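# Results of the structural survey
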Amino acid sequence: MSPVAAPDKIIPGIEDIIADANLHKHGTDPVSDQTMVINMGPQHPSTHGVLRLVLEIDGETVVSLAPDIGYLHTGIEKTCEAKFYQQVVPLTDRIDYLAPMTNNTAYALAVESLLDLEIPPKAQWLRVLFNELMRLNSHLVWLGTHAMDIGALTVFLYCFREREKLMRVFEAVSGQRMMTSYIRIGGVSLEPPLDLYDKIRAFLVEFPSKIDEYEGLLQNNPIWINRIKGVGYISPEDAIALGVSGPVLRAAGIDFDLRRDMPYSSYEKFQFNVPVSQESDVWARYVLRMQEMRESVKICLQALDGMPEGRIVADAPKIILPDREQMKTQMESLIHHFKIVTEGFAVPAGEATSSVEAPHGMMNYYVVSDGTAKPYRVHMRNADYANLQALETMCKGRLLADVVAVIGSLDIVLGAIDR
Amino acid sequence: MDAAITGTQAIFEKFPNEPAVKALTTIATDAKHDRGELTLTVPRESIVAACQAVKQAGYNFFEDVTAVDWYPSEPRFQISYSILSHSLKRRLRLVVRLAGDDAAVDSITGIWPAANFYEREVFDLFGIHFGGHPNLRRIMMPEDWNGHPLRKDYPVEGYR
């Protein structure tokens, strides 16, 4: 073992980042052999948040690229350690804020594994339904912003038209449009309103024609095709070595989807295809995500058709808040409510990892318990963080303008990267 | 739920055909199968060898590395590596335990370049050193920050 320096002695600065960018050899001619280091972000509109890139360019060609992140770091993992298990759920909404219920699911699955809870079928079906609606929600934002980055401004408005309908669904079921906290430890928080299934079905029946509409705007558009075809290539070997997951990995020809290969929350009972592509460029990722949206519609319709009857939470009165009516009439329920709210519930010591296929790729929650009512450690592994590492491989040797297209195709959310 | 199985001998007997167990028979110092998750503990000197061995055994996809601070007990730090196999459709957790006054381990970026950001994050938030890492700098916190926020002796609120 040969540590290069003691941990506290490294205080790097911007010079180090530039030195990183300047790793390759320079020639002696001051004009033709010189490269330029430029800064992109953190306030650049096409970096999808507060991503900062330090780019070394030779003319307009990218020589090297170093992402600088942490502008949105809020210490969510540290905050989790000071909260009761049930109080962590709203925090998880804020990680990948385009798919809050997917975050809730991943966290709930990890804690349920520690508690050894059995989740009733209806809650599992509702989780699948809302996870897939979240995928539509996230992919709509991806498509709108990705197209806007490349100059097709109209698509953004069309995508947000449909997203608004989804937002109203989320509001109807949870009371919140974005930070839903709908999926809780042990099930889901509320019974969906009576007419909600019909509303979702009406949306889903109509939605494939809307996808056709987006494709009508983009598929044969020569600017769109020329900007993204053959751009941002990554080989399947590099993609695995760099930890890429989700649609970006499947676009590189690796046929792996957690929903099918390591099913959770009853996904094994649904029929759907996993789109795979071999081209591994920005175009392939665009086509693949459009196909994924159509598959999600199928899964949602299956979930609506086969929605089981029964409870929406597990039968565990010491963990799950009681029904309000029961709480007002039954002594035990009142006691349980008081105990859960004031003291939380103890979770057996141990560690558990859950893994779900989020819209952006593999999302893992690692929860360590020391037997108390507060998690000892919560760690989130988001696909965005690893996918960002692949950005340099995808952009090296390409034009500066392609960087924008590649960032859009990675579909990163800085909330999930910085946490 | 199956009861947890602990101890290297019990694990070797229970899962004789598990490729990761076979690969780490001589290296692992502790083993656990709990809640359907297999955890193998390896000494810190052999983490690179252990990663190489499980990679050859089919665990091809590096997912995650993170740490847990067990302050004030010793060994203080637990580093958890999460590794996935696309073909076996299974996940493996490798654990390395580090003493609080000598929190350093070899980097595995040579095997999986994906570990780069993850090790930087652990370095930044826990102050654990990764020897041989190509670019060990803070990643989340400002560059001139003092202390490592995810350590248990670092307060959640108030003054440091």
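Residues numbered from 1 in each chain as written. Chains lettered and ligands numbered in written order. Predicted model: local features only at pLDDT ≥ 70, side-chain atom pairs only at ≥ 80, totals over all residues.

### Some points on the overall build of chain A
Put simply, the test is: We count a stretch as a helix when DSSP gives it H or I for four or more residues in a row; a strand needs E for two or more, and each element gets its number in order from the N terminus. Note on burial: count the other C-beta atoms lying within 10 Å of the residue's C-beta; 20 or more is buried, 12 or fewer is exposed, in between is partly exposed, and C-beta positions come from the backbone. Placing a C-beta atom from the backbone of each residue, one calls two residues in contact when those atoms lie within 7 Å.
Scanning chain A from N- to C-terminus turns up 18 helices and eight strands. Considering only C-alpha atoms, chain A reaches an extent of 85 × 60 × 35 Å along its principal axes. Relative to its 419 residues, chain A shows a buried fraction of 47%. Across chain A, contacts joining residues at least 24 apart in sequence account for 70% of those joining residues at least 6 apart.

### Considering the overall build of chain B
The criterion, for reference: All radius of gyration figures rest on C-alpha atoms, and the globule criterion is 2.2 Å times the number of residues raised to 0.38.
When helices and strands are counted, chain B shows four helices and eight strands. Secondary structure elements in chain B, listed N-terminal to C-terminal, are β-α-α-β-β-α-β-β-β-β-α-β. For 160 residues, the compact-globule estimate of 2.2 N^0.38 gives 15 Å, and the C-alpha radius of gyration of chain B, at 16 Å, lies within 12% of that figure. Taken over the C-alpha atoms alone, chain B extends approximately 50 × 30 × 25 Å along its principal axes.

### Remarks on unusual backbone geometry
Trans peptide bonds make up the majority, and among non-glycine residues the majority have a negative phi. Residues and elements named next belong to chain B. A cis amide bond links Tyr71 to the next residue, Pro72, at an omega of 5°. Along the polypeptide, Pro72 turns up in the loop between strand 4 (61-69) and strand 5 (77-85). Omega for the peptide link from Glu74 to Pro75 comes to -5°, which places this bond in the cis form. Here Pro75 lies in the loop between strand 4 and strand 5.

### A closer look at the sheet that holds strand 1 (residues 5-6) of chain B
Residue and element names in this part refer to chain B. For clarity, the threshold we go by: Note on pairing: DSSP must find at least two bridges between two strands before they are called paired. In this analysis, axes come from line fits to C-alpha atoms, helices being fitted only over the stretch in contact, and the angle between any two N-to-C directions falls in the range 0 to 180 degrees.
Spatial ordering of the open sheet is given by 1-2-3-6-5-4, a layout of six strands whose pairing is mixed. Single-partner strands in this sheet number two, and they are strand 1 and strand 4. With five bridges connecting them, strand 2 (residues 30-34) and strand 3 (residues 37-41) associate as antiparallel partners. In the sheet register, Asp30 faces strand 3, and the bridge partner there is Thr41. The strands touched by helix 4 (residues 115-126) are strand 4 and strand 5; relative to strand 4, the strand with the most contacts, the crossing angle is about 5°.

### What about the interface of chain B and chain A?
Keep this limit in mind: Here the nonpolar group is Ala, Val, Leu, Ile, Met, Phe, Trp, Tyr, Cys and Pro; Asp, Glu, Lys and Arg are the charged ones; every other residue, Gly included, is treated as polar.
Contacts between the two partners involve 38 residues from chain B and, on the opposite side, 44 residues from chain A. For the side of chain B that touches chain A, the elements supplying multiple residues, two or more each, are strand 4, strand 5, strand 7 (104-106), helix 4 and strand 8 (129-131) of chain B. Taken together, the residues of the side of chain B that touches chain A break down into 17 nonpolar, ten polar and eleven charged.

### Quick look at the domain arrangement of chain A
Residue and element names in this part refer to chain A. Heads up, the rule is: Boundary definitions for the domains trace back to an automatic or database domain assignment.
The domain architecture assigned to chain A consists of domain 1 (7-68) and domain 2 (76-418). One C-alpha centre belongs to domain 1, the other to domain 2, and the line joining them spans 33 Å. On the domain 2 side, the residues contacting the 14 residues of domain 1 number 17 residues. Elements with a minimum of two residues in the side of domain 1 that touches domain 2: strand 2 (52-58) and strand 3 (61-68). Ranked by residue count, the leading element in the side of domain 1 that touches domain 2 is strand 3, at five residues. Partitioning the side of domain 1 that touches domain 2 into residue classes produces seven nonpolar, six polar and one charged.

### Looking at the environment of Pro263 of chain A
As for its placement among the helices and strands, Pro263 of chain A is situated in the loop between helix 11 (258-261) and helix 12 (282-305). C-alpha separation for the pair Pro263 of chain A and Gly230 of chain A, spaced 33 residues apart in sequence, amounts to 33 Å.

### Thoughts on helix 4 of chain B
Keep this limit in mind: By definition here, a helix of n residues has an expected span of 1.5 Å times n minus one.
Over its twelve residues, helix 4 of chain B extends 16 Å from the first C-alpha to the last, a length consistent with the 16 Å expected when each residue adds 1.5 Å. Counting buried positions along helix 4 of chain B yields twelve of twelve residues, so the element is predominantly enclosed. Buried within helix 4 of chain B we find Ala115, Asn116, Phe117, Tyr118, Glu119, Arg120, Glu121, Val122, Phe123, Asp124, Leu125 and Phe126 of chain B. On its buried face, helix 4 of chain B sits against helix 15 (383-389) of chain A together with strand 4, strand 5 and strand 8 of chain B. Immediately downstream of helix 4 of chain B, the backbone of Gly127 of chain B shows phi near 75°, a positive value.

### Remarks on the environment of Gln330 of chain A
The residue Gln330 of chain A is located in the loop between helix 13 (324-329) and helix 14 (331-343) in this model. Sequence separation of Gln330 of chain A and Lys298 of chain A is 32 residues, and the distance between their C-alpha atoms is 43 Å.

### A short note on the confidence of the model for chain B
Note the cut-off: What pLDDT expresses is the predictor's confidence in each residue, scored from 0 to 100.
Mean pLDDT over chain B: 86, with 98% of residues reaching 70 or higher. Here the predicted complex scores 0.89 on pTM and 0.91 on ipTM.

### Topic: the sheet that holds strand 8 (residues 377-381) of chain A
Residue and element names in this part refer to chain A. The strand order across the open sheet formed by three strands is 6-7-8, and the pairing between neighbours is antiparallel. Single-partner strands in this sheet number two, and they are strand 6 (350-358) and strand 8. This sheet shows a mean twist of 15° between the axes of neighbouring strands, independent of strand direction. Sheet analysis places strand 7 (residues 361-369) next to strand 8, joined by five bridges and oriented antiparallel. Directly across from Val367, in strand 8, lies its bridge partner Val378. Its contacts with the sheet put helix 4 (residues 100-115) on strand 6 and strand 7, and the angle it makes with strand 6 is roughly 150°.

### Regarding the packing of helix 5 (residues 121-150) of chain A against helix 12 of chain A
Residue and element names in this part refer to chain A. The test is simple: Put simply, angles under 35 degrees are roughly parallel, angles over 145 are roughly antiparallel, angles from 65 to 115 are roughly perpendicular, and the rest are oblique. By definition, turning the near helix anticlockwise from the far helix through less than a right angle yields a left-handed crossing, and turning it clockwise yields a right-handed one.
Where helix 5 meets helix 12, the closest approach of the two axes is 9 Å, and the angle between their N-to-C directions is 155°. Overall, the two elements helix 5 and helix 12 adopt an arrangement that is roughly antiparallel. Crossing angle aside, the handedness with which helix 5 passes helix 12 is left-handed. From helix 5, Trp125, Val128, Leu129, Glu132, Leu133, Arg135, Leu136, His139 and Trp142 reach across to helix 12, where they touch Arg289, Glu292, Met293, Ser296, Ile299, Cys300, Ala303 and Leu304. Tallied by class, residues from the contact of helix 5 with helix 12 come to eleven nonpolar, two polar and four charged.

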